[in-house]
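Structural overview
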Amino acid sequence: PHALVAELLAVAEQVARAAGRLVQEGRPDVVGVAATKSSAVDVVTAMDLASEDLVRRTLARLRPDDAILGEEGGHVTGTSGVTWVVDPIDGTVNYLYGLPAYAVSVAAVVGEPTPATWTVLAGCVHAPATGETWTAGRGTGAYLDGRRLAVTPAPPLDRCLLGTGFGYVAERRRAQARVLAALLPQVRDVRRIGAAAIDLCQVATGRLDLYYERGLQPWDLAAAALVVAEAGGAVSGLRGRAAGPDMTVAGAPERVAQLVAMLEELDADAPDAPVAD
Ligand code: IPD
């Protein structure tokens, strides 16, 4: 299995770097149209599609029998049992504004490609604007630019730097604001970096102590969750469930258990209430 993990990891890194180059070289076009926001959004969408297309074409050449699940192009089935889970640009709003926290995320999983059922074998999160590359292979550790990572021992909650993120829909944001208002007085401070895959990798790197977010998609999570786990961190959902769309909590294991209990108490996974006019 280690040979397969090593092969998949090499492919993940090669593909993420190639897509990162494309995305990075396409940024000046975004700046050019930033005056008219709607066309800027179109350029970002076009880059998202171009990045995923490059990933799909490269994977089809290197690993023709594998399946692919991508944010933009959906699920293409394969015969090998391996599925590539791809986010061609995580942190699209940062990309639009020229903030550096955006990344290409590429992971190889076996099993049904959902967070509750998959086993992630290899993952790479590459942030082309900063040049940072996180990699992890199942059973072989997590690395930032070749340096082995280990999550920092958990400080008490009131000394934790907590990362989070928000969905794009108002109903969801109202519920997320309520949860955040309850947590904010209890932690050192809060960061909203704007790219879930990078947030999770920052937990593995010791630049965030804890992270939680509701509403993550498989491609936000696949590669970075393995980076956290291989760095010795915990990645969990609420009420005994795996991390996934309902909730993802990551950090040092004992602090994750504490935050999970707090989020359960706050009903942070309750259905969104409609926003009244
Ligand atoms: C989003 C970012 C953001 C998170 C959202 C994601 P996208 O991904 O990761 O930080 O809060 O939940 O959807 O749309 O930029 O790929």
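Our subject is the structure listed above.
Only a predicted model underlies this, so the values are computations on that prediction, with no experimental measurement involved.

The rules we used
- Counting restarts for each chain, with residues numbered from 1 along the sequence as it is written.
- Note on the predicted model: pLDDT of at least 70 is required for a residue's local features to be given, and 80 or more for side-chain atom pairs to be given and counted; whole-chain, interface and lining totals, by contrast, use all residues.
- Here a helix means four or more residues in a row that DSSP labels H or I, a strand means two or more in a row labelled E, and each is numbered from the N terminus.
- Our contact criterion uses C-beta atoms placed from the backbone: two residues qualify when those atoms are within 7 Å.
- Two strands pair if DSSP finds at least two bridges between them.
- Every axis corresponds to a line fitted to the C-alpha atoms, with the helix fit spanning only the stretch in contact, and the corresponding angles, defined between N-to-C directions, vary from 0 to 180 degrees.
- The criterion for a residue being near a molecule or strand is a backbone-placed C-beta atom within 6 Å of that molecule or strand.
- Amino acids are sorted into nonpolar (Ala, Val, Leu, Ile, Met, Phe, Trp, Tyr, Cys and Pro), charged (Asp, Glu, Lys and Arg) and polar (every other residue, Gly among them).
- By convention here, the domain bounds are inherited from an automatic or database domain assignment.
- Buried, partly exposed and exposed are defined by the number of other C-beta atoms within 10 Å of a residue's own C-beta, namely 20 or more, between the two limits, and 12 or fewer respectively, with C-beta atoms placed from the backbone.

Examining the environment of Asp90
- The residue Asp90 is located in strand β3 (residues 82-90) in this model.
- Spatially, the C-alpha atoms of Asp90 and Ala195 are 5.5 Å apart, while their sequence positions differ by 105 residues.
- Among all residues touching Asp90, those that are not within four sequence positions of it are Tyr102, Ala103, Ser105, Ala195, Ala196, Ala197 and Asp220.

Thoughts on the sheet that holds strand β6 (residues 132-137)
- Taken in spatial order, the 8 strands line up as β2-β1-β3-β4-β5-β6-β7-β8 in an open sheet, and their pairing is mixed. The open sheet has two edge strands with one neighbour each: β2 (74-76) and β8 (147-148).
- Those strands touched by helix α5 (residues 196-205) are β3, β4 (103-110), β5 (119-127), β6 and β7 (141-144), and its axis lies near 100° from that of β5.
- Against the sheet, helix α6 (residues 218-230) makes contact with β1 (67-70), β3, β4, β5, β6 and β7, and its axis sits at roughly 100° relative to β5, the strand it touches most.

Concerning the site of the ligand
- In the neighbourhood of the ligand, 14 residues make up the surrounding shell, with Asp90, Thr92, Gly165, Gly194 and Ala196 lying closest.
- Of the residues contributing to the shell around the ligand, the split by class is 4 nonpolar, 6 polar and 4 charged.
- The residues that make up the shell around the ligand include at least three from each of domain 1 (2-148) and domain 2 (157-265).

With respect to the pairing of β6
- Counted residue by residue, β6 has 5 buried out of 6 residues, so it is predominantly covered.
- The turn linking β5 back onto β6 is made up of 4 residues, and Gly131 within it adopts a positive phi angle of 75°.
- Sheet topology places β6 next to β7; 4 bridges connect them, and they run antiparallel. Bridging from a neighbouring strand, Gly137 pairs with Gly141 of β7.
- Taken together, β6 and the strand that follows it, β7, pair antiparallel across an intervening segment of 3 residues, in which Gly139 is found at a positive phi of about 80°.

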